[in-house]
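Each chain, written out:
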Amino acid sequence: MYDLPEEIDVQADGPLRIITLNRPDALNAVNDELHTGLARLWTHLNDDLDARVAVLTGTGKAFSAGGDFAYLAELGQNSRLRAKTIAHGRDIVLGMARCRVPLVTAVNGPAVGLGCSLVALSDIVYMAETAYLKDPHVQVGLVAADGGPLTWPLHTSLLLAKEYALTGAKIPAARAHTMGLVNHVVAEPVSEALACAKRILELPRQAVESTKRLLNLHLERAVLATLDYANAAEDLSFQTEDFRATIARLTAPRG
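Heads up: these notes are all about the structure in this document. What you see is a predicted model; the values in this text were computed from it and never measured.

Below, the discussion takes up the overall build of the protein chain. When you go through the protein chain residue by residue, the secondary structure sums to 10 helices and 9 strands. Against the compact-globule benchmark of 18 Å for 255 residues, the protein chain has a radius of gyration of 17 Å, which places it among compact chains. If you line up the protein chain on its principal axes, its C-alpha atoms span 55 × 40 × 40 Å. Residue pairs in contact within the protein chain that sit at least 24 positions apart in sequence constitute 74% of those at least 6 positions apart. Element-wise, carbon and sulfur atoms account for 55% of the exposed surface of the protein chain, whose accessible area totals about 11600 Å².

The structure is reproduced here in structure tokens:
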């Protein structure tokens, strides 16, 4: 449904929408199709008046392995694609911040890069015990315009946000919970997220949606204060020699 690319699967179960990142052979790494679909998804969900709650997860072993290296390499060379992608990144962030439908996310495996950002922009997060968060933008020479630095300071201390954004270190599930980046660490995140979503469905709709909006006004205002600078800085970082050298190394044939 929603006329999205096959990289995003959306299923309806009454007023519940189950959204699955669907590039399992690539560990749900983000390519142009997936990124474009994510930019459109939140408007579709917002306009779906039968939808009252959504669950987001990934197919296979990962939630999302971050940016597909071939896609990142093309972004460094193709200015039109880069402009579109940066605009879509803005749409993803603001679309999630403004979406009226509560989003319960089940982190079934590693959530890297944009996957990590989707977690940070969710409303309630259940994370597998073996999963981890990681924002490696700086490690590959990029500014994270839609990444951890944009939202983590709302969830955890500024010092911790700086540590993990600047180093790109993995945040294991237990550590992410301690830091306040996820709500629950569980053995079965999808089933727990679905159970949570069904509990939300039992509550009065207007009260749920208006309370989410009230809370997300804090998020939206913080995002708007930094997003334009972040987008300009990311655009510039795609054009640096540091980024190009790193991507060349990461995409070089292995022999």
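On to unusual backbone geometry, then. Unlike most non-glycine residues, Asp3 shows phi in positive territory, near 55°. Phi at Leu27 takes a positive value of approximately 55°, unusual for a residue other than glycine. Its place among the elements puts Leu27 in the loop between strand E2 (16–21) and helix H1 (32–47). Under the relative-accessibility criterion, Leu27 is labelled partly exposed at 39%.

It is the contact of helix H2 (residues 69–77) with helix H10 (residues 241–251), at a shortest axis distance of 10 Å, that shows an interaxial angle of 150°. The interaxial crossing formed by H2 with H10 has left-handed handedness. Of H10, the residues touching H2 (which contributes Phe69, Ala70, Leu72, Ala73, Gly76 and Gln77) are Phe243, Arg244, Ile247, Leu250 and Thr251. Of the residues belonging to the contact of H2 with H10, the class tally is 7 nonpolar, 3 polar and 1 charged.

Time to look at the pattern of salt bridges. One pass over the structure, following the stated rule, counts 10 salt bridges. Residue Glu220 is joined to Arg98 by a salt bridge in which the shortest nitrogen-to-oxygen separation is 2.9 Å. In this pair, Glu220 sits in helix H9 (residues 205–238) while Arg98 sits in helix H3 (residues 79–98), placing the two residues 122 residues apart along the sequence. By relative accessible area, Glu220 is classed as buried at 9%. Through salt bridges with shared partners, a single ionic network connects Arg98, Arg213 and Glu220.

Cut-offs and rules
Residues numbered from 1 in each chain as written. Predicted model: local features only at pLDDT ≥ 70, side-chain atom pairs only at ≥ 80, totals over all residues. Heavy atoms only, no water. Helix = DSSP H or I, 4+ residues; strand = E, 2+ residues; numbered from the N terminus. Rg over C-alpha atoms; globule rule 2.2 N^0.38 Å. Contact = heavy atoms within 4.5 Å. Areas by Shrake-Rupley, 256 points an atom, 1.4 Å probe, with all protein chains shown as cover. Buried < 20%, exposed > 50% of the residue type's maximum accessible area, 1.4 Å probe, protein only. Axes fitted to C-alpha atoms, helices over the stretch in contact; angles between N-to-C directions. Left-handed = near helix turned anticlockwise from the far one by under 90°. Nonpolar A, V, L, I, M, F, W, Y, C, P; charged D, E, K, R; others polar. Salt bridge = Lys/Arg side-chain N within 4 Å of Asp/Glu carboxyl O.

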